[in-house]
Amino acid sequence: MAHEIEMRIPTTKTVMHADVVFEIRSDGDKLGELHVSKGSIDWYHRNAVKPTRLRWERFDRVMEDLKRP
């Protein structure tokens with residue numbers, strides 16, 4: 001399973017008013033898009049209109065929980 005990640009970023013390096021967007025593909029098929037903003041991280045599954053959204057504090061807790069046995 002080959003993964004491809006394409007990144008589109010605004011002209012500045014600091015995330016301000018425009019999201020940084022990662023397009024994620026597996027074997028050429030689009031899995032979704034990851035949008036990174038100042039307030040949250042949003043996952044748009046394939047062609048979803050509404051994202052699954054995690055505020056940064058919640059994202060941190062999810063990642064911590066995943067590394068626990």
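Remarks on the packing of aromatic side chains
Following the criterion strictly, the structure yields one aromatic pair and no others. Taken together, a centroid distance of 5.6 Å and an interplanar angle of 85° make the contact between Trp-56 and Phe-59 edge-to-face. Of this pair, Trp-56 and Phe-59 both sit in helix H1 (residues 56–67), three residues apart, roughly one helical turn. Classification of Trp-56 as partly exposed rests on a relative accessible area of 29%.

Here we look at the pairing of strand E2 (residues 20–26)
Taken across its seven residues, E2 has five buried, putting it largely inside the fold. Pairing of strand E1 (residues 3–8) with E2, which is carried by six bridges, proceeds in the antiparallel orientation. Counted as the bridge partner of Met-7 is Phe-22 from E2. Looking at chain direction, E2 and strand E3 (residues 29–36) are connected through seven bridges and run antiparallel.

Thresholds, definitions, all that
Residues numbered from 1 in each chain as written. Predicted model: local features only at pLDDT ≥ 70, side-chain atom pairs only at ≥ 80, totals over all residues. Heavy atoms only, no water. Phe/Tyr/Trp six-rings, centres within 6.5 Å; stacked < 30°, edge-to-face > 60°. Helix = DSSP H or I, 4+ residues; strand = E, 2+ residues; numbered from the N terminus. Buried < 20%, exposed > 50% of the residue type's maximum accessible area, 1.4 Å probe, protein only. Pairing = 2+ DSSP bridges.

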